[in-house]
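Next come the chains, spelled out residue by residue.
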Amino acid sequence: MNVTVWNEFRHEKKHDAVKEIYPDGIHRVIADALAEHGYDVKTATLDEPEHGLTEDVLNNTDVLLWWGHLAHDEVDDAIVEKVQKRVWEGMGLIVLHSAHFSKIFKRLMGTGCDLKWREANERERLWVVDPSHPIADGIGEYIELDEEEMYGEHFDIPAPDELIFLSWFQGGEVFRSGATFKRGNGKIFYFRPGHETHPTYHNKQIQKVIANGVKWAAPTKRDYPVYGNAKPIEKLEGYKED
């Protein structure tokens, strides 16, 4: 399976605290973890030509992972449209942490995707609320993170097709932290944890969830549906082709 990990790669260049945790970028840590799970992984970043998401890259990507925060508005709308088209065609999409506010996620959800947030280095407990789901495979009853950014409800998204993780934070809030959606032929998994100033993506359980998500989001092996004006399968009296 061909996987592409996309990251803005801005925090790691601007902030020493982030660079210390992710010296080669958040995308590199995620990509290396996925490679350990047997995936063929490439990376792409915002400042590359076409944000690293050329037509050739997208056409050869089965699942795309997206992490963004500082520069959502700098993502070219033409690239967003290409990614949306590929999701409709069947490419899987994993949306991570602050990418809830990315152009591509908001476009695919059709809502504002806003939420409450707070940076207070508080404990997060991600409860598995759908233990039979393949994305939760190999995960216990919950994942506990000693320090994370708080995201709180209400999360302005459509009702998920499936809810897999529900987070509790030390300050009292809860959040729908692992949710799936389908758009066209594509499958989407939103996974909340991953603030840039915490080593969340080094956590083996978080890496396991992301690897499971990639496997779940892989395209179904079938022909893309045919749309538009259709010839009848059976003979129709009086029918004439346009």
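Structure: see above.
Presented here is an overview of the structure given in this document. Everything numeric in this text was worked out from a predicted model, so none of it was measured. (Residues numbered from 1 in each chain as written. Predicted model: local features only at pLDDT ≥ 70, side-chain atom pairs only at ≥ 80, totals over all residues. Heavy atoms only, no water.)

1. Considerations on the packing of aromatic side chains
Okay, so step 1: Within this structure, the stated rule accounts for 11 aromatic pairs.
Okay, so step 2: Taking the centre distance of 6.4 Å and the plane angle of 55° together, the rings of Y22 and Y201 count as tilted. Within this pair, whereas Y22 is found in the loop between α2 (16-21) and α3 (26-36), its partner Y201 is found in the loop between β9 (186-191) and α7 (204-217), the two being separated by 179 residues in sequence.
Okay, so step 3: Their ring planes at 70° and their centres at 5.6 Å tell us that Y151 and F175 sit as a pair that is edge-to-face. Highlighted residues: Y151 in strand β6 (residues 142-152) and F175 in strand β8 (residues 174-183), separated in sequence by 24 residues. In terms of burial, Y151 and F175 fall into one category: buried.
Okay, so step 4: Ring pairing ties together the aromatic residues F105, Y151, F155, F175, F181 and Y190, which thus form one cluster.
Okay, so step 5: Positioned above the aromatic ring of Y142, the side-chain terminus of R125 is 5.6 Å from the ring centre.
Okay, so step 6: One cation-aromatic arrangement involves R192 over Y151; the distance from NZ or CZ to the ring centre is 5.0 Å. (Phe/Tyr/Trp six-rings, centres within 6.5 Å; stacked < 30°, edge-to-face > 60°. Helix = DSSP H or I, 4+ residues; strand = E, 2+ residues; numbered from the N terminus. Buried < 20%, exposed > 50% of the residue type's maximum accessible area, 1.4 Å probe, protein only. Lys NZ or Arg CZ within 6 Å of the ring centre and 35° of its normal.)

2. What to know about the sheet that holds strand β1 (residues 2-7)
Okay, so step 1: Read from one edge to the other, the open sheet built from nine strands follows the order β2-β1-β3-β4-β9-β8-β7-β5-β6, with strand pairing classed as mixed. One side of each edge strand has no neighbouring strand; the edge strands of this open sheet are β2 (40-45) and β6. Recorded for the sheet is a direction-independent mean angle of 25° between the axes of neighbouring strands.
Okay, so step 2: Note that strand β7 (residues 162-169) and β8 share six bridges and pair antiparallel. The residue of β8 that forms the bridge with F165 is G178. (Pairing = 2+ DSSP bridges. Axes fitted to C-alpha atoms, helices over the stretch in contact; angles between N-to-C directions.)

3. Quick notes on the nonpolar core
Okay, so step 1: The biggest cluster of nonpolar side chains holds 36 residues, and the ones touching the most others in it are L34, L65 and Y201.
Okay, so step 2: Among the elements that line this core, the one with the most residues is α7, at seven residues.
Okay, so step 3: With residues near it in sequence (within four places) discarded, L65 still touches V3, T4, V5, W6, I30, L34, I94, L96, I210 and V214.
Okay, so step 4: Counting 34 residues, the second largest nonpolar core, distinct from the first, contains W6, I79, M91 and I157. (Core = buried A, V, L, I, M, F, W, Y, C linked by side-chain atoms within 4.5 Å. Contact = heavy atoms within 4.5 Å.)

4. Observations regarding the pattern of salt bridges
Okay, so step 1: Evaluated as defined, the whole model comprises 16 salt bridges.
Okay, so step 2: A salt bridge links K103 to D77, with the nearest nitrogen and oxygen atoms 2.7 Å apart. Here K103, found in helix α6 (residues 103-109), pairs with D77, found in helix α5 (residues 77-89); they are 26 residues apart in sequence, far enough to count as distant.
Okay, so step 3: Judged by its relative accessible area of 40%, D77 falls in the partly exposed class.
Okay, so step 4: Note that E153 is salt-bridged to R176, the shortest N-O span being 2.9 Å. In this pair, E153 is assigned in the loop between β6 and β7 and R176 in strand β8, connecting sequence segments 23 residues apart. (Salt bridge = Lys/Arg side-chain N within 4 Å of Asp/Glu carboxyl O.)

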